[in-house]
Amino acid sequence: MAVRSALKLMPHEPGVYIFRNGVGRVVYVGRSRDLATRTRSYWSDLGDRQHLYRMVEQVAWVEPVICMSEHEAAFLESDLLARHPSRYNRSLGMESCVWIRLDADERTPSLDVVHELHEDDGAQWFGPYLGWEPTRQAAAGLQRVYPLRYAGSAISRSDRELGRSLGVGSGDLESLVHGITDVLRRDVAVVTATIRALERMRDAAADRLMFEYAASLREHIRGIRWTTEPQKLDLIGAVDADYGAVARCGSRALRVVLSLRRGRLHQRHFDAVATLEDWRNATPHEEWEEQARRNAELMARLVAAEAVGPLGWR
């Protein structure tokens, strides 16, 4: 059975999976941190997902798309769901794109999550991120570790007192801005140190039986992990371009093309070509080329195992 063969070849990597029926129609789209574990779960105990039994019976093909992280996969899942709505997908993915705005104004510095991008306002902008709630939690966690709002020179008296109790004053503004910036730019050492600081706060709160506060800190940690996951889609002013790779499939060659639109992984398609030399990227980008190569090699293995349907499905 094609599905069983495909499941055996699924990688333990983050990405999107597409279920199609016998005529090629998309019946379900999902994402996971672990494609192999998640896709195989549909053919075991569905637990509280009983509504999916009828969907599983229709699945003839399973198609994976490897991504850098679940966050990156969430962008592609959102786009695919918009184009291929399914009765079995109960939601259209996560929320809309948001950005984090870091204003280092010495009078009233701020860190905000916003829905619209305005790059020319003098602040630093980070994103986009998919999902208001995890991004809001990330910003709140950053404020816990780097209490920026209390480092302004024109803040209220009560805020100055709070800042003093935290050991923060206007002279700390530059270091706090640097800390937040390094986290949002995914400096591994700074991200790790920030998460550890929040974990210490969480554990201390739990020891004092402050369980609600500990739970909020746990959500802050999850938010920071979400926003700092590796992904290539958070380049403001990103390009529209296609990135492809070709892999050998028996006596044939298989080409996979990843199409970016406004910097998002908008679509991927695959087809057979005559030779391994049939693709040249017009706009080289090493990371996207590497991702296309990994997807081409995976699709070649699926085709060789007769575990995917007709080439060229979109």
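Located above this text is the structure these notes cover.
Keep in mind that what you see is a predicted model, and the values were worked out from it rather than measured.

Right, let's talk about the environment of Tyr 53 for a bit. Here Tyr 53 shows up in helix H3 (residues 53-58). For Tyr 53, a relative accessible area of 37% gives the class partly exposed. Sequence spacing of Tyr 53 and Trp 43 is 10 residues, and the spatial spacing of their C-alpha atoms is 9.1 Å. Beyond its immediate chain neighbours, meaning those up to four positions away, Tyr 53 contacts Asp 45 and Leu 46.

Attention shifts here to the packing of helix H5 (residues 132-145) against helix H8 (residues 188-207). Contact pair H5 / H8: the axes reach a minimum separation of 10 Å and the direction vectors enclose 80°. Relative to H8, the element H5 lies roughly perpendicular. On H8, the residues that touch Gly 141, Leu 142, Arg 144 and Val 145 of H5 are Thr 194, Ala 197, Leu 198 and Met 201.

Another aspect to go through is H5. Between its first and last C-alpha atoms H5 spans 20 Å; for 14 residues at 1.5 Å apiece the expected length is 20 Å, and the two agree. Every buried residue of H5 is listed here: Pro 134, Thr 135, Gln 137, Ala 138, Ala 139, Gly 141, Leu 142 and Gln 143. Tucked into the core, H5 has its buried residues touching strand E4 (97-103), strand E5 (110-114), strand E6 (124-130), helix H7 (173-184), H8 and helix H9 (211-227).

The next point concerns the nonpolar core. Core analysis: the biggest nonpolar cluster contains 51 residues, and Phe 19, Tyr 28, Tyr 42, Trp 43 and Met 55 have the highest contact counts within it. Per-element tally for this core: the top contributor is helix H10 (residues 286-304), with eight residues. Excluding residues within four positions of it along the chain, Trp 43 makes contact with Val 3, Arg 4, Leu 7, Phe 19, Val 56, Val 59 and Val 62. Membership of the second largest hydrophobic core comes to 28 residues, among which are Leu 142, Leu 148, Val 168 and Leu 184.

With that out of the way, let us pick up the packing of H5 against H9. The geometry of H5 relative to H9 is characterised by a closest axis approach of 7 Å and an angle of 110° between their N-to-C directions. As judged from the angle between their axes, H5 and H9 are roughly perpendicular. From H5, Pro 134, Thr 135, Gln 137, Ala 138, Ala 140, Gly 141, Leu 142 and Arg 144 reach across to H9, where they touch Tyr 213, Ser 216, Leu 217, Glu 219, His 220, Gly 223, Ile 224, Trp 226 and Thr 227. Of the residues assigned to the contact of H5 with H9, the class counts are eight nonpolar, seven polar and two charged.

Further remarks concern the sheet that holds strand E1 (residues 15-20). In space, the three strands of this open sheet follow the order E2-E1-E3, with antiparallel pairing throughout. Of all the strands in the sheet, the pair left with one neighbour each is strand E2 (26-32) and strand E3 (61-66). Between one strand axis and the next, the sheet turns by 20° as a mean value, whatever way the strands run. Both E1 and E3 contribute to a ladder of six bridges, which runs antiparallel. Residue pairing for E3: Gly 15 is matched across the bridge by Ile 66. Packing against the sheet, helix H4 (residues 70-83) makes contact with E1, E2 and E3, and its axis sits at approximately 165° to E2.

This brings us to the environment of Ile 221. Along the chain, the position of Ile 221 falls in helix H9. Apart from the residues within four sequence positions on either side, Ile 221 is in contact with Ile 195, Leu 198, Glu 199 and Arg 202.

To continue, consider the packing of aromatic side chains. Tallied over the full model, the rule gives nine aromatic pairs. Ring geometry for Phe 19 and Trp 43: centres 5.5 Å apart, planes at 75°, overall edge-to-face. Of the two residues, Phe 19 sits in strand E1 while Trp 43 sits in the loop between helix H2 (35-41) and H3, which places them 24 residues apart along the sequence. What makes Phe 19 buried here is its relative accessible area of 0%. A ring pair is formed by Tyr 42 and Trp 43, whose centres lie 6.4 Å apart and whose planes are at 65°; its orientation type is edge-to-face. The exposure class of Tyr 42 is buried, given its relative accessible area of 3%. Taken together, the ring pairs connect Tyr 17, Phe 19, Tyr 28, Tyr 42 and Trp 43 into an aromatic cluster.

Thresholds, definitions, all that
- Residues numbered from 1 in each chain as written.
- Predicted model: local features only at pLDDT ≥ 70, side-chain atom pairs only at ≥ 80, totals over all residues.
- Heavy atoms only, no water.
- Helix = DSSP H or I, 4+ residues; strand = E, 2+ residues; numbered from the N terminus.
- Buried < 20%, exposed > 50% of the residue type's maximum accessible area, 1.4 Å probe, protein only.
- Contact = heavy atoms within 4.5 Å.
- Axes fitted to C-alpha atoms, helices over the stretch in contact; angles between N-to-C directions.
- Parallel < 35°, antiparallel > 145°, perpendicular 65-115°, else oblique.
- Expected span 1.5 Å × (residues − 1).
- Core = buried A, V, L, I, M, F, W, Y, C linked by side-chain atoms within 4.5 Å.
- Nonpolar A, V, L, I, M, F, W, Y, C, P; charged D, E, K, R; others polar.
- Pairing = 2+ DSSP bridges.
- Phe/Tyr/Trp six-rings, centres within 6.5 Å; stacked < 30°, edge-to-face > 60°.

Limitation: the analysis is restricted to geometry and does not speak to function.
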